[in-house]
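Chain by chain, the residues run as shown.
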Amino acid sequence: MKQFDLEVPETAHQISSDSWFQVSFVLTTSINSAYVLGYSGTVMVPLGWIGGVVGLLLATAISLYANSLIAKLHEYGGKRHIRYRDLTGFVYGEKMYRVTWGLQYVNLFMINCGFIILAGSALKAIYVLFRDDNVMKLPHFIAIAGVVCAIFAIGIPHLSALGIWLGVSTILSLIYIVVAIVLSFKDGVNKPSRDYTIQGSSVDKIFTITGAAANLVFAFNTGMLPEIQATVKQPVVKNMMKALYLQFTAGALPLYAVTFIGYWAYGSSTSTYLMNSVTGPLWVKALANISAFLQSVISLHIFASPTYEFMDTKYGTKGSALALKNLLFRTMARGSYIAVSTLLSALLPFLGDFMSLTGAISTFPLTFILANHMYLVAMNSKLSSVQKLWHWLNVCFFGLMSLAAAIAAVRLISVDSKNFHVFADV
């Protein structure tokens, strides 16, 4: 097979410095981010018990499989590929290098818009607990969240520098997940009658179910696995596989628990932000929302790191991260990126729609279509006819799913845009 040895820039960030356990924390943080508070409403409500449970379990298995394919190609051709676009460029050539970067940029940008919406929703939920006067609305809280995210981004120069913040993130995740589970369980016990029917007309159900399928793959995939793998120490493939196994086993359990118990407690009326459905002591709900807000800030930094690495490498930030020149650069570059993200988040604050569209137009292609096709191309001579057929079936199936989910997501956004004005207080 022909390999394209493109000239790719050296990174300005640290690589090969983290243990597999620290990397597993990054991955586990990504799937147990504050987004887990939305899956009861965005996955279980449109799919119901059978579709939701089976779908989440299947999404876990196929996501582990697809991510393992990408991880095994990290040193393909005898060189290390520290960016997703570096890997696809090496396999396919310069054109695919650019296409992959475009897809990945859109994927991470929309994920980060979702985190800002989540952070703003958490702040609004705290405000409503103590002052339900409707003076401040969701766009105001989204703006505050954006400012905090920008400050954090300026202070943390690269992914490996998160260090202790990953432990803080884990504690924050445990707080809002445990609170959500306990309060949902209490409400479920005290509310014996729930409606679990999938709402809407037959046509509506088709679109919402298809959109929910995109949410399923969104839940487990980062779209930036090579960038995360770049931080792990040698042996990179073996250590990354350890991190992935931990992510998709013990790391997935909190997600399952909060998703299933939340839906069990509230049925088809479950909110897309679970903390809006629960009842309980004000201070407990406030603590959970504060935790969700802070964890969203940390998670956004993880998903924005490929964009930050691109800017830092392209414009040659060198020397100490605390040097005035580098601080000013991060303030301008990262501040501008988050300002644009915050504006779009406030303009169209429809969290479920963001998840569906992101899953459709970028997560499906990056994690499933490209992973299978790259592995097929790279390992072609080592695969049997049955294995080749298997990978081609995956490429075709996920290609069709991506197209259908994109159509469904655009329709959902169109419908919501008619029902709500821009800068809506949802």
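Here the structure is a predicted model, which means the values were calculated and not measured.

### Structural notes on helix α12 (residues 324–347)
Along its 24 residues, α12 runs 34 Å from first to last C-alpha, staying within 8% of the 34 Å computed at 1.5 Å per residue. Every buried residue of α12 is accounted for by Asn326, Arg330, Ala333, Arg334, Tyr337, Ile338, Ser341, Thr342, Ser345 and Ala346. Structurally, α12 contributes buried residues whose contacts are with α4 (94–130), α5 (138–155) and α11 (282–314).

### Side note on the packing of α4 against α5
In a packed pair of helices, the relevant descriptors are the angle between the two axes and the axis-to-axis distance. It is at 8 Å that the axes of α4 and α5 come closest, and there the two elements cross at 120°. It follows from the interaxial angle that α4 and α5 lie oblique. Read as a crossing pair, α4 and α5 show a hand that is right-handed. Here Ile116, Ile117, Ala119, Gly120, Ser121, Leu123, Lys124 and Tyr127 of α4 lie close against α5, whose contacting residues are Leu138, Phe141, Ile142, Ile144, Ala145 and Gly146.

### Looking at the nonpolar core
Of all hydrophobic cores here, the largest spans 122 residues; its most connected members are Leu37, Leu56, Phe220 and Ile338. Ignoring sequence-local partners within four residues, the contact set of Leu37 consists of Tyr176, Ala180, Val258, Thr272, Tyr273, Leu274, Met275 and Ala292.

### Description of the packing of helix α2 (residues 39–72) against helix α9 (residues 236–248)
One way to put it is that α2 packs onto α9 with a least axis distance of 10 Å and a crossing angle of 170°. The angle between α2 and α9 falls in the class roughly antiparallel. Of the two elements, α2 crosses α9, and the hand of that crossing is right-handed. Residues Thr60, Ser63, Leu64, Asn67, Ser68, Ala71 and Lys72 of α2 pack against Val237, Met240, Met241, Leu244, Tyr245 and Phe248 of α9. Its residues assigned to classes, the contact of α2 with α9 comprises 8 nonpolar, 4 polar and 1 charged.

### Observations concerning the packing of aromatic side chains
The full count for this structure, using the stated rule, is 24 aromatic pairs. Measuring from centroid to centroid gives 5.0 Å for Trp49 and Tyr263, while their planes differ by 65°, and the two rings are edge-to-face. Highlighted residues: Trp49 in helix α2 and Tyr263 in helix α10 (residues 253–266), separated in sequence by 214 residues. On the accessibility criterion, Trp49 (32% relative accessible area) is partly exposed. A network of ring pairs unites the aromatic residues Trp101, Tyr105, Phe109, Tyr308, Phe310 and Tyr337 as a single cluster. Its guanidinium or amino end placed over the ring of Trp101, Arg85 lies 4.0 Å from that ring's centre, counting from NZ or CZ. The ring of Trp264 has Arg194 sitting right over it, with the charged end atom 4.7 Å from the ring centre.

### With respect to the environment of Asp312
Along the chain, Asp312 turns up in helix α11. On the basis of relative accessible area, Asp312 is assigned to the buried category, the value being 4%. Through-space distance from the C-alpha of Asp312 to that of Leu389 is 42 Å; in sequence the pair is 77 residues apart. At a separation of 2.8 Å, a polar atom in the side chain of Asp312 contacts the side chain of Arg334.

### Notes on the pattern of salt bridges
When the charged atoms of two side chains with opposite charge come close together, those side chains can pair. Here the structure, examined in full by the defined rule, presents 6 salt bridges. Shared partners join several salt bridges into a network, and the residues in it are Arg83, Asp86 and Glu309.

### Thoughts on the environment of Ser268
By the secondary structure assignment, Ser268 is in the loop between α10 and α11. Take Ser268: its relative accessible area is 17%, and that puts it in the buried class. For the pair Ser268 and Leu166, spaced 102 residues apart in the sequence, the C-alpha separation amounts to 34 Å. Beyond its immediate chain neighbours, meaning those up to four positions away, Ser268 contacts Val45, Asp195, Tyr196, Thr197, Gln199 and Tyr263. There is a polar contact of 3.5 Å between the side chain of Ser268 and the side chain of Gln199.

Cut-off values and rules
Residues numbered from 1 in each chain as written. Predicted model: local features only at pLDDT ≥ 70, side-chain atom pairs only at ≥ 80, totals over all residues. Heavy atoms only, no water. Helix = DSSP H or I, 4+ residues; strand = E, 2+ residues; numbered from the N terminus. Expected span 1.5 Å × (residues − 1). Buried < 20%, exposed > 50% of the residue type's maximum accessible area, 1.4 Å probe, protein only. Contact = heavy atoms within 4.5 Å. Axes fitted to C-alpha atoms, helices over the stretch in contact; angles between N-to-C directions. Parallel < 35°, antiparallel > 145°, perpendicular 65-115°, else oblique. Left-handed = near helix turned anticlockwise from the far one by under 90°. Core = buried A, V, L, I, M, F, W, Y, C linked by side-chain atoms within 4.5 Å. Nonpolar A, V, L, I, M, F, W, Y, C, P; charged D, E, K, R; others polar. Phe/Tyr/Trp six-rings, centres within 6.5 Å; stacked < 30°, edge-to-face > 60°. Lys NZ or Arg CZ within 6 Å of the ring centre and 35° of its normal. Polar contact = N/O pair within 3.5 Å; in protein donor to acceptor, adjacent residues only side chain to side chain. Salt bridge = Lys/Arg side-chain N within 4 Å of Asp/Glu carboxyl O.

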